[in-house]
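Per-entry structural report
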Amino acid sequence: MKEKGLLIVLSGPSGVGKGTVRKAIFSQEDTRFEYSISMTTRNPREGEVDGVDYFFKTREEFENLIEQGKLLEYAEFVGNYYGTPVDYVRETLDSGKDVFLEIEVKGARQVREKFPEGLFIFLAPPSLSELQNRLVTRGTESDELIRGRMETARKEIEMMDLYDYIVENDHVDHACEKINSIVQAEHCRRERVQLRYKKMLEVD
Ligand SMILES: Nc1nc2c(ncn2[C@@H]2O[C@H](COP(=O)(O)OP(=O)(O)O)[C@@H](O)[C@H]2O)c(=O)[nH]1
Ligand SMILES: Nc1ncnc2c1ncn2[C@@H]1O[C@H](COP(=O)(O)OP(=O)(O)O)[C@@H](O)[C@H]1O
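Residues numbered from 1 in each chain as written. Chains lettered and ligands numbered in written order. Predicted model: local features only at pLDDT ≥ 70, side-chain atom pairs only at ≥ 80, totals over all residues. Heavy atoms only, no water.

**Details of the state of the cysteines**
All chains considered together, the criterion is met by 0 disulfides. No disulfide involves Cys176; its nearest neighbouring cysteine sulfur is the one of Cys188, lying 20 Å away. Owing to a relative accessible area of 3%, Cys176 belongs among the buried residues under this scheme. (Disulfide = S-S within 2.5 Å. Buried < 20%, exposed > 50% of the residue type's maximum accessible area, 1.4 Å probe, protein only.)

Structural data, given as structure tokens:
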């Protein structure tokens, strides 16, 4: 039987650099991950393409997907829904490929419940003040929203222990290297465990 792929979940507080790091990983020519394109009800930004950046849905369409059980997880984030299509994830894992999710922390917690065997990576800021700097520099939120994000970030950082690995996003290239190394090491570890089981079963 074909080995299943690994479900890799990259999460962390808003503004830490999840999107930036994910894009850097997928711009590497030799990346072996399949990116799961999320569904969202937010409006497309300039240059974003339906089916490439996101699958853009109306609230009604999104709520139908929830009812039909088509989402592995979903969450509301700043007034919009975001969710992961379950069929794509399952089919891609079954075909032996690794699937990469870049999602906020409430969604990651839901995935942990449904896919405890996934690989959960928390992207952490070098410090809270640097996180605030990044939110300010990005310039997409008002001061009040940034204050809210910082409050939420404190709570999210307290939940770091629920993850398998914590990667500090000091420099984008370093963070990508660390993530690639973790995935490689995790594949080796899991293969060894499986081999051990196989041998045990042969002996009995
Ligand atoms: N739970 C969940 N979060 C998602 C999903 N897709 C994207 N996100 C998160 O939603 C948040 C907002 O994403 P987006 O609107 O693209 O804005 P930006 O990443 O903050 O520039 C980010 O934290 C993403 O990681 C998803 O399928 N599920
Ligand atoms: N390692 C880093 N060093 C400095 N700035 C970064 C780094 N990673 C991301 N950024 C910047 O921080 C801001 C937030 O990054 P973004 O990818 O939008 O975060 P998230 O997807 O987690 O909300 C952006 O302006 C981005 O350019």
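After that view, the rundown keeps rolling.
**Looking at the sheet that holds strand β4 (residues 55-56)**
The 4 strands are arranged β4-β3-β6-β5 in an open sheet whose pairing can be described as mixed. At either end of the open sheet lies a strand with only one pairing partner, and these are β4 and β5 (71-77). With 2 bridges connecting them, strand β3 (residues 39-40) and β4 associate as parallel partners. Within the sheet, the bridge partner assigned to Thr40 lies in β4 and is Phe56. (Pairing = 2+ DSSP bridges. Helix = DSSP H or I, 4+ residues; strand = E, 2+ residues; numbered from the N terminus.)

**Quick notes on helix α4 (residues 105-114)**
Taken together, the buried positions of α4 are Val105, Gly107, Ala108 and Val111. Down the axis of α4, the smallest arc covering the buried residues is 150°, so these residues share one side. On its buried face, α4 sits against β1 (7-11), β5, β7 (98-102), β8 (119-124) and α6 (143-158). Taking the backbone nitrogen of Lys106 as reference, a side-chain oxygen 3.2 Å away marks Glu104 as the first, capping residue of α4. (Arc of directions from axis to C-beta. Contact = heavy atoms within 4.5 Å. Polar contact = N/O pair within 3.5 Å; in protein donor to acceptor, adjacent residues only side chain to side chain.)

**What about the UniProt feature "binding site: ATP" (unreviewed entry) in the chain?**
The positions UniProt marks with the feature "binding site: ATP" (unreviewed entry) are Gly12, Pro13, Ser14, Gly15, Val16, Gly17, Lys18 and Gly19. Here Gly12 shows up in the loop between β1 and α1 (18-26). By relative accessible area, which is 3% here, Gly12 ends up buried. Aside from chain neighbours lying at most four places away, what touches Gly12 is Lys18, Ile103, Val105, Phe122, Leu123 and Glu156. Judged by relative accessible area, which is 11%, Lys18 ranks as buried. (UniProt positions renumbered as here; feature names shortened; annotations may be inferred.)

**Considerations on helix α7 (residues 172-203)**
For α7, which comprises 32 residues, the first-to-last C-alpha distance of 47 Å matches the rise-based estimate of 46 Å (1.5 Å per residue) to within 8%. Those residues of α7 that fall on the buried side of the exposure criterion are Ala175, Cys176, Ile179, Ile182, Val183, Glu186 and His187. Buried residues along α7 sit in contact with β1, α1, β2 (33-35), β7, β8 and β9 (165-168). (Expected span 1.5 Å × (residues − 1).)

**Some remarks on the site of ligand 2**
Neighbouring residues of ligand 2: 14 residues in total, closest Gly15, Lys18, Gly19, Thr20 and Arg138. Between ligand 2 and the protein, one listed contact pairs an oxygen atom with a backbone N or O atom of Lys18 at 2.8 Å. Its free accessible area being 570 Å², ligand 2 has 73% of it covered by the protein chains. The element contributing the most residues to the shell around ligand 2 is α1, with 3 residues. A class-by-class count of the residues in the shell around ligand 2 yields 3 nonpolar, 7 polar and 4 charged. (Near = heavy atom within 4 Å. Areas by Shrake-Rupley, 256 points an atom, 1.4 Å probe, with all protein chains shown as cover. Nonpolar A, V, L, I, M, F, W, Y, C, P; charged D, E, K, R; others polar.)

**Re the UniProt feature "domain: Guanylate kinase-like" (unreviewed entry) in the chain**
Under the feature "domain: Guanylate kinase-like" (unreviewed entry), the UniProt entry names residues 5-184. With 43% helix and 22% strand, residues 5-184 has its two end C-alpha atoms placed 12 Å apart.

**A short note on the site of ligand 1**
By nearness alone, 16 residues border ligand 1, and Ser38, Arg42, Tyr54, Tyr82 and Glu102 come closest of all. With respect to ligand 1, the side chain of Glu102 contributes an N or O atom lying 2.6 Å from an oxygen atom. The fraction of the free accessible surface of ligand 1 (570 Å²) that becomes covered by protein chains is 90%. Counting residues per element, the ones that place at least two in the shell around ligand 1 are β5 and β6 (80-85). Taken together, the residues that form the shell around ligand 1 break down as 5 nonpolar, 4 polar and 7 charged. Each of domain 1 (1-33 + 98-204) and domain 2 (37-97) contributes no fewer than three residues to the shell around ligand 1. (Domains from an automatic or database assignment.)

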